[in-house]
Amino acid sequence: GIPGVGWCIGNSRHALTNGPSDDIYWGSGDKGDHVFGLEINEYRPSFGSSSEVIGQQYYVCYQLIRNCNLLLENWEESSDPTIKQARAEARLFRALAHFHLATYWGDVILVEQTMNGSERPSVTPQAEVFKWCIDEISAIENDLPSKSGLNDKKLAIRATKEFALALKGKIQVFAKDWNGAKTSLKAVINSGKYALVPGTKMSEILH
């Protein structure tokens, strides 16, 4: 896997995206437990730039982008299927990280290559970041494997073509490309390789 993926789509994102809502009650042993979640769940004054969750999410997204760029710059394009898949995964996760950044912060720095500490790039408008992410996924989706069926456990933990299409569809929704989103998401539905989680299984998510 790409180093940093787990952190980017892990605890900080779930706290940042779900913690402020009425759907979540951030349970803990006492008020001093899981402060990073409680401050967002309760809209405490510390919910801002000093928040551990917000700072971590910003940092790990750019850390993931850097790791992906390092792979892409050191693994040249090849007809070898393993290298093609690895490069496709790197571009997919780089797009995922940029999507998160643009969703949370709007206009952000779009990074397509590794940079040194002295560089001061300008920000890219949110709409352009969304378009870039969509184009990136369109370019590599066919280089990713597909599950053999709904119960394929081997590829259940890997980035697949249908996962890429689902992500592209989600970004297209944020970009208000409704027709594009319907096309991408319908392809996932028609594949028959994924299904919605039953309501009785909701408590098992993230376990």
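Since this is a predicted model, take the numbers as computed values, not measurements.

Trainee: Summarise the pattern of salt bridges; cite the residues concerned and give the values.
Mentor: Here the structure, examined in full by the defined rule, presents eight salt bridges. One salt bridge in this structure joins R91 and E136, with 2.9 Å as the shortest N-O distance. Of this pair, R91 sits in helix α5 (residues 81-105) while E136 sits in helix α6 (residues 126-140); the two residues are 45 residues apart in sequence, bridging distant segments of the chain. For E136, the salt bridge goes to R94, with nearest N and O atoms at 2.8 Å. With a gap of 42 residues between them, E136 in helix α6 and R94 in helix α5 connect regions that are remote in the sequence. What makes E136 buried here is its relative accessible area of 9%.

Trainee: Report on the side chain of H98, specifying residues and quantitative values.
Mentor: Within the secondary structure layout, H98 lies in helix α5. On the accessibility criterion, H98 (0% relative accessible area) is buried.

Trainee: Requested: an account of the packing of helix α4 (residues 52-74) against α5, with residues and values cited.
Mentor: The geometry of α4 relative to α5 is characterised by a closest axis approach of 9 Å and an angle of 155° between their N-to-C directions. Considering the angle they form, α4 stands roughly antiparallel to α5. The chirality of how α4 crosses α5 is left-handed. The segment α4 lies against α5, with I54, Q57, Y58, C61, Y62, L64, I65, C68, N69, L71 and L72 engaging A86, R87, A90, R91, F93, R94, A97, H98, H100, L101, Y104 and W105. The residue makeup of the contact of α4 with α5, split by class, is 16 nonpolar, four polar and three charged.

Trainee: Describe the nonpolar core, and please don't skip the residues or the numbers.
Mentor: By size, the foremost hydrophobic cluster in this structure holds 31 residues, and its most contacted members are L92, C133, I137, L167 and I171. Breaking this core down by element, the ones donating at least two residues are α4, α5, α6 and α7 (161-174). Residue contributions to this core peak at 10 residues, all from α5. Here L167 is in contact with L92, L96, F99 and I137, once residues within four sequence places are set aside. Formed by seven residues, the second largest nonpolar core is a distinct cluster that contains A15, L16, I40 and V53.

Trainee: Go over a nonpolar patch on the surface, please, and point to the residues and values.
Mentor: A contiguous nonpolar surface patch, about 370 Å² in accessible area, is contributed by V173, F174, W178 and L185. Going through the elements one at a time, α7 and α8 (178-191) are the ones with two or more residues in the nonpolar patch. With respect to the helices and strands, the residue F174 is situated in helix α7. Judged by relative accessible area, F174 falls into the partly exposed class, the value being 39%.

Trainee: Outline α8, supporting the account with residue identities and numerical values.
Mentor: Here α8 is 14 residues long and its end C-alpha atoms lie 20 Å apart, about the 20 Å a rise of 1.5 Å per residue gives. Taken together, the buried positions of α8 are occupied by G180, A181, S184 and V188. Down the axis of α8, the buried side of the element spans an arc of 105°, and every buried residue falls inside it. Those residues of α8 that are exposed and angled more than 90 degrees off the buried face are W178, N179, K182, T183, I189 and N190. If you follow the buried residues of α8, they end up packed against α7. In the stretch just after α8, G192 is the one whose phi turns positive, near 70°.

Trainee: Let's hear about unusual backbone geometry: which residues, and what values?
Mentor: Even without glycine at this site, K176 takes up a positive phi of about 60°. Mapped onto the secondary structure, K176 falls in the loop between α7 and α8.

Trainee: Hey, could you go over the environment of L72 for me, with residue numbers and the actual values?
Mentor: Mapping L72 onto the fold places it in helix α4. Residue classification places L72 among the buried residues on the basis of a relative accessible area of 13%. Sequence separation between L72 and L96 is 24 residues; the distance between their C-alpha atoms is 15 Å. Ignoring any residue separated from it by four or fewer positions in sequence, one finds L72 in contact with R87, A90, R91 and R94.

Reading guide: rules and limits
Residues numbered from 1 in each chain as written. Predicted model: local features only at pLDDT ≥ 70, side-chain atom pairs only at ≥ 80, totals over all residues. Heavy atoms only, no water. Salt bridge = Lys/Arg side-chain N within 4 Å of Asp/Glu carboxyl O. Helix = DSSP H or I, 4+ residues; strand = E, 2+ residues; numbered from the N terminus. Buried < 20%, exposed > 50% of the residue type's maximum accessible area, 1.4 Å probe, protein only. Axes fitted to C-alpha atoms, helices over the stretch in contact; angles between N-to-C directions. Parallel < 35°, antiparallel > 145°, perpendicular 65-115°, else oblique. Left-handed = near helix turned anticlockwise from the far one by under 90°. Contact = heavy atoms within 4.5 Å. Nonpolar A, V, L, I, M, F, W, Y, C, P; charged D, E, K, R; others polar. Core = buried A, V, L, I, M, F, W, Y, C linked by side-chain atoms within 4.5 Å. Patch = residues over 30% accessible without salt bridge, like charges linked within 9 Å, V, L, I, M, F, W, Y side chains within 5 Å. Areas by Shrake-Rupley, 256 points an atom, 1.4 Å probe, with all protein chains shown as cover. Expected span 1.5 Å × (residues − 1). Arc of directions from axis to C-beta.

Read these as layout, nothing more, since geometry by itself doesn't imply function.
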